[in-house]
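Observations on the three-dimensional arrangement
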Amino acid sequence: MRREDLRNIAIIAHVDHGKTTLVDALLKQTGAFEVRQDGPTEQVLDANDLERERGITILAKCTSVRWKNTTINIVDTPGHADFGSEVERILKMVDGALLLVDAVEGPMPQTRFVLRKALALGLHPIVVINKMDREHAKPNEALDRVFSLFIDLGATDPQLDFPIVYASGREGWASLTTDPGPDVTPLLDTIVKAVPAPAVDPTKPLQMLVTMLDYNNYVGRIGIGRVVNGAIKKAEQVGLIKPSGEQFNGKVARLEKFYGLERREVDFASAGDVVAVAGLPEIHVGDTVTSAENPEALPPLEIDEPTLSMEIMVNNSPFAGREGRFVTGRHLRDRLLREKEVNVGLKVEALEGEGHFKISGRGELHLSILIETMRREGYELAVARPEVIFKETPEGLQEPMEYLVVDIPTDFQGTVIESMGRRNATMVNMAPEGTTRTRLEYQIASRALMGFKSELMTTTKGMGLMHHAFHGYGPKGPDPGLRAQGVFVAKETGRTTGYALASLQEHAQMFLGPGVDVYEGMVVGLADTDNDFVVNPCKAKAMSNMRSKASDEAIDLTPPHIMTLEQALEFIDNTELVEATPQSIRLRKKILNASFRRRDDKRREQESD
């Protein structure tokens, strides 16, 4: 039988195509969200500080709206492919998917990624051409490209017969034509009409697949998921089956459903409902909550394997412990194991040595968000350069490949094409975007893509856009070239002076301004040549009792290039580390002493010979 009073739907799209803003419009239309003086007025589901700063969704969120006689459970998913493990889990909870596409940009790499997952699970899609209020909107062209994408991904005939809605999430309207409407009523009606009601069998024993985790200081770990069969009651005894087959029994201490922006406690939930269950301390993502008398597991979640790894370790620099509260190996281990419980796309492996770990994930953003979150929580750590994870196959060694889309001013296309050639990228498509811009599409190895973003920004004077998503595995190609330029490395511990930086900036791009504490072995600038130089940025002006016009002139310093965490991870080479603390991002050499570094370089040269 089907529950006609319920619809479960996920909103999927490329990053920054307006998913969370559209959810705002749905919440306001149904009265589930009112603007409060002390609360956020937009992107209300993005409660995380990092999400608000970056304007992206990192963690999937559940909400619910009541429309006429139907409850619509909505799940807002991340658009970035690095958080694909979140999307894969969430799509198991729903029966339909709202595919949002920008009316100007059309389908992008992550659109392909999330749509492939939705179609493979047999979900019923609704295509929403969003951002219709943008200048130069091309809804018909975007729709044609969406249809071509569906065919490329092998959509079935029912999936190809998708409903189309035109919308502007920011202006709060939706329409079945390209003309603006008064509100989002057409979209809500389309969801109720086109998304199938959940198929349920209330006579079967309880089965619920845990797809998300939350934590509360009072009730402990909370499992969130959809009740597939049967019913669940507060205070009843239930079973818990791990993917490994291990079983536990426990009692439902608290049962909650989603109502608008909050969860409310309920006594009973039946098949089709999305609920939060507390009282089972062993609960994890992928577990099945089942009947204690007739335990039966659901098929486990299948998560794509990680494609990128990096080593993280205890911060052992001379400034260790100055800024952070959690600085030991035990602190790092406990935090990583806690993250692993909720972040199913993450793998954590202990390496030889105290406080030395290897973390593996779906991409640079996936891992850098974890490190950024940890440093904001008060952790200090050192991070090595990211490395791709190769795969052994009968055809030989294979490496992860990315599908890259670059949108640039036409004047710079020659330089960008040349750069892509150096990185052994294969061009898939090239098309004009209006009269002044060009869109280039490539397949490129993940290794070769590292460091390209900063190069693109420099080449196109900040006007280039790039998006990429995991494409698959391909034969291992040639190793990408090393960083073309060397670095300036601090000679001693001290505080930088304007006098020293004024002479150094003639031969390098400096990363620090005056009055900054540095230590021996810290990277302070990017050299003009391909060699590393040991310099003294702390050199003070010699005292003299003579006065001259030249010595009294004001020093003219170029503003330093301050790197973000992602830029620093892309910049460093295999001999360097990023030191991440709550207040600072520093670059340093792995071996701080210059004499020891020279000795290590000679040893590696002899080994390579």
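Here the structure is a predicted model, which means the values were calculated and not measured.

1. Remarks on the environment of Arg-116
Topologically, Arg-116 is positioned in helix 4 (residues 109–120). Along the primary structure Arg-116 and Asp-144 are separated by 28 residues, whereas in three dimensions their C-alpha atoms are 17 Å apart.

2. Topic: the nonpolar core
One finds Cys-62, Leu-91, Leu-99, Val-127, Ile-129 and Phe-150 to be the most contacted residues of the largest nonpolar core, which totals 39 residues. Those elements that provide at least two residues to this core are strand 1 (6–13), helix 3 (84–91), strand 4 (96–102), helix 4, strand 5 (124–130), helix 5 (139–152), strand 9 (220–229) and strand 16 (274–278). Aside from chain neighbours lying at most four places away, what touches Val-127 is Leu-99, Leu-143, Val-146, Phe-150, Phe-162, Pro-163, Ile-164 and Val-165.

3. Thoughts on the sheet that holds strand 7 (residues 173–175)
Pairing in this open sheet of seven strands is mixed, and the strands run 2-3-1-4-5-6-7 from one edge to the other. One side of each edge strand has no neighbouring strand; the edge strands of this open sheet are strand 2 (61–67) and strand 7. Across this sheet, the average inter-strand angle for adjacent strands is 30°, counted without regard to direction. Where strand 2 lies against strand 3 (residues 70–76), seven bridges are found, and the strand directions are antiparallel. Note that in strand 3 the partner of Arg-66 across the bridge is Thr-71.

4. Focus on the packing of aromatic side chains
The tally for this structure, following the rule as stated, stands at six aromatic pairs. On the numbers, 5.0 Å between centres and 90° between planes, the contact of Phe-319 with Tyr-519 is edge-to-face. Of this pair, Phe-319 sits in the loop between strand 18 (308–314) and helix 8 (329–342) while Tyr-519 sits in the loop between strand 31 (517–518) and strand 32 (522–527), placing them 200 residues apart in sequence. Judged by its relative accessible area of 3%, Phe-319 falls in the buried class. Judged by centre distance (4.7 Å) and plane angle (35°), the rings of Phe-326 and Tyr-379 are tilted. Placement of Phe-326 in the loop between strand 18 and helix 8 and of Tyr-379 in the loop between helix 9 (364–376) and strand 21 (381–383) is noted, with a sequence separation of 53 residues between them. With relative accessibility at 22%, the residue Phe-326 sits in the partly exposed group. The structure contains a cluster of three or more aromatic residues connected by ring pairs, namely Phe-147, Phe-150 and Phe-162.

5. Details of the packing of helix 1 (residues 19–29) against helix 7 (residues 185–194)
Relative orientation of the contacting elements helix 1 and helix 7 amounts to 90°, with a least axis distance of 10 Å. On the basis of the axis angle, helix 1 is roughly perpendicular to helix 7. Judged by residue contacts, Leu-22, Leu-26 and Gln-29 of helix 1 engage Thr-185, Leu-187 and Leu-188 from helix 7. Looking at the contact of helix 1 with helix 7 residue by residue, the class counts come to four nonpolar, two polar and no charged.

6. Some details on unusual backbone geometry
Despite not being glycine, Lys-68 shows a phi value in the positive range, around 55°. Assignment of secondary structure puts Lys-68 in the loop between strand 2 and strand 3. Overall, Lys-68 belongs to the exposed group, its relative accessible area being 59%. Positive phi, normally seen in glycine, also occurs at Lys-131, with a value near 60°. By the element assignment, Lys-131 lies in the loop between strand 5 and helix 5.

7. Description of the confidence of the model for the protein
Scored by pLDDT, the protein comes out at a mean of 85, with 92% of its residues at no less than 70. Ranking the elements of the protein by mean pLDDT puts helix 2 (residues 49–54) last with 56 and strand 21 first with 95. Confidence over residues 35–46 falls short of pLDDT 50; this stretch has 30 contacts with residues more than four positions distant or in other chains.

About the criteria used
- Residues numbered from 1 in each chain as written.
- Predicted model: local features only at pLDDT ≥ 70, side-chain atom pairs only at ≥ 80, totals over all residues.
- Heavy atoms only, no water.
- Helix = DSSP H or I, 4+ residues; strand = E, 2+ residues; numbered from the N terminus.
- Core = buried A, V, L, I, M, F, W, Y, C linked by side-chain atoms within 4.5 Å.
- Buried < 20%, exposed > 50% of the residue type's maximum accessible area, 1.4 Å probe, protein only.
- Contact = heavy atoms within 4.5 Å.
- Pairing = 2+ DSSP bridges.
- Axes fitted to C-alpha atoms, helices over the stretch in contact; angles between N-to-C directions.
- Phe/Tyr/Trp six-rings, centres within 6.5 Å; stacked < 30°, edge-to-face > 60°.
- Parallel < 35°, antiparallel > 145°, perpendicular 65-115°, else oblique.
- Nonpolar A, V, L, I, M, F, W, Y, C, P; charged D, E, K, R; others polar.
- pLDDT = per-residue confidence, 0-100.

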